[in-house]
Amino acid sequence: MSDRLSMRSILQPKQVAQALYHPAWIPASVDPSVDRLKKARIIVGAVAAFGVYTFVQRKFAFEEVLENMLTAAVVVLLITPLTVGVMVFVWRRTGTVRQMRVPLVNSLKLLLFFIGSVVGLVFLWQGTMALGGFWLVPLGFTALWLTGMVVYGAVQVSGNFFGTAAVHRSLPPLLATVTTWLMAVPDLVTGDLHGLSLTMGIVFILGAPLTVTAIALLETRRLKRRYGIRLSAHPATLPPTSAAAPPQFPPHASPYGHPYGAPYAPPPQNPYGGGPYQPYNGQNPYGR
């Protein structure tokens, strides 16, 4: 986990989600701009997961939200290992699988734990609504707490996509793209527009995956251009990156590429001793 939990923090779903779904072995982001892209990708992915059509129609079907959660969980459970497996097969040309074994296993554990939390939450809400009566209060409070933890956990895993950034930093945008498209394809194939008109249905079905794809492409492009991180390259062959290390520049060089170095750098030292502007000591330097 990323942090130890106390009895007080256990009562806070956000703290529990931060500790469970963003463990310490997940590497920090290499660039603040990439973090901003991840946040945008999370927002668009959330729109795709819950379905904007329920709000456009001005009615909120809680049972339908639970069904969407189960559908999304099944899609993620099937697609994530499959996509990672395809990339591992690609990476085998320039490296070994053994070098990626530890982060792969850790990511799989995090995936299974999150899917189990989502499935447990859905069945808990269904049981709470079915039983009612005396069980409504204890089960309802438990379901509310678990809902908060899963929501905050979804934000965490949407950013790191189950810690796959520990395997390869370009995997999270790839997985986000594949997942959102596979969630939209069934509606396109079956023509199910969820009661919307043709134009609105196409906009809300294709809007999310197209936006997620654009953000993911921009994210992978920045990783490639700024840090040399290519999706097709084996993780062991990538250049080392550090989020804490500032960019290094040559001595007296300007970070803006000034052609003459730093224009306000201190004057160079006189190779024959003394600076170019020595204080007057009362003696003529030319012997007169």
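Look above for the structure.
In this report, we go over the structure that sits alongside the text.

The rules behind these values
- Residues numbered from 1 in each chain as written.
- Predicted model: local features only at pLDDT ≥ 70, side-chain atom pairs only at ≥ 80, totals over all residues.
- Heavy atoms only, no water.
- Helix = DSSP H or I, 4+ residues; strand = E, 2+ residues; numbered from the N terminus.
- Buried < 20%, exposed > 50% of the residue type's maximum accessible area, 1.4 Å probe, protein only.
- Contact = heavy atoms within 4.5 Å.
- Areas by Shrake-Rupley, 256 points an atom, 1.4 Å probe, with all protein chains shown as cover.
- Core = buried A, V, L, I, M, F, W, Y, C linked by side-chain atoms within 4.5 Å.
- Expected span 1.5 Å × (residues − 1).
- Phe/Tyr/Trp six-rings, centres within 6.5 Å; stacked < 30°, edge-to-face > 60°.

### Here we look at the overall build of the protein
Scanning the protein from N- to C-terminus turns up 9 helices and 0 strands. Buried residues in the protein amount to 35% of all 288 residues. Counting contacts in the protein only where the partners sit at least 6 residues apart, residues at least 24 apart contribute 72% of the total. When the accessible surface of the protein is split by element, carbon and sulfur atoms take 65% of a total near 18,100 Å².

### Quick look at unusual backbone geometry
One non-glycine residue, Phe161, lies in positive phi territory at about 45 degrees. For Phe161, the position within the fold is in the loop between helix H7 (136–160) and helix H8 (171–190). Of note, Phe162 is a non-glycine position whose phi angle comes to about 60 degrees, a positive value. According to the relative accessible area criterion, Phe162 is buried, its value standing at 4%.

### Points about the nonpolar core
The biggest cluster of nonpolar side chains holds 36 residues, and the ones touching the most others in it are Tyr21, Met69, Trp91, Phe114, Phe162 and Leu171. Filtering out sequence-adjacent residues up to four positions away, Phe114 remains in contact with Tyr21, Val150, Gly153, Ala154, Val157 and Phe162. Within the second largest apolar cluster, 6 residues are counted, among which are Val30, Leu223, Ile229 and Ala233.

### So, helix H6 (residues 101–131)
For H6, with 31 residues, the first-to-last C-alpha span of 45 Å sits near the 45 Å given by 1.5 Å per residue. One or two steps after H6, the chain reaches Gly132, where phi turns positive at roughly 60 degrees.

### Points about the packing of aromatic side chains
A full pass over the atoms with the stated rule returns 4 aromatic pairs. When the ring of Phe114 is compared with that of Phe162, the centres are 5.8 Å apart and the planes differ by 55 degrees; the resulting orientation is tilted. Residue Phe114 is located in helix H6, and its partner Phe162 is located in the loop between H7 and H8; the two are separated by 48 residues in the primary sequence. For the pair formed by Phe114 and Phe162, the shared burial category is buried. The structure contains a cluster of three or more aromatic residues connected by ring pairs, namely Tyr21, Phe113, Phe114, Phe161 and Phe162.

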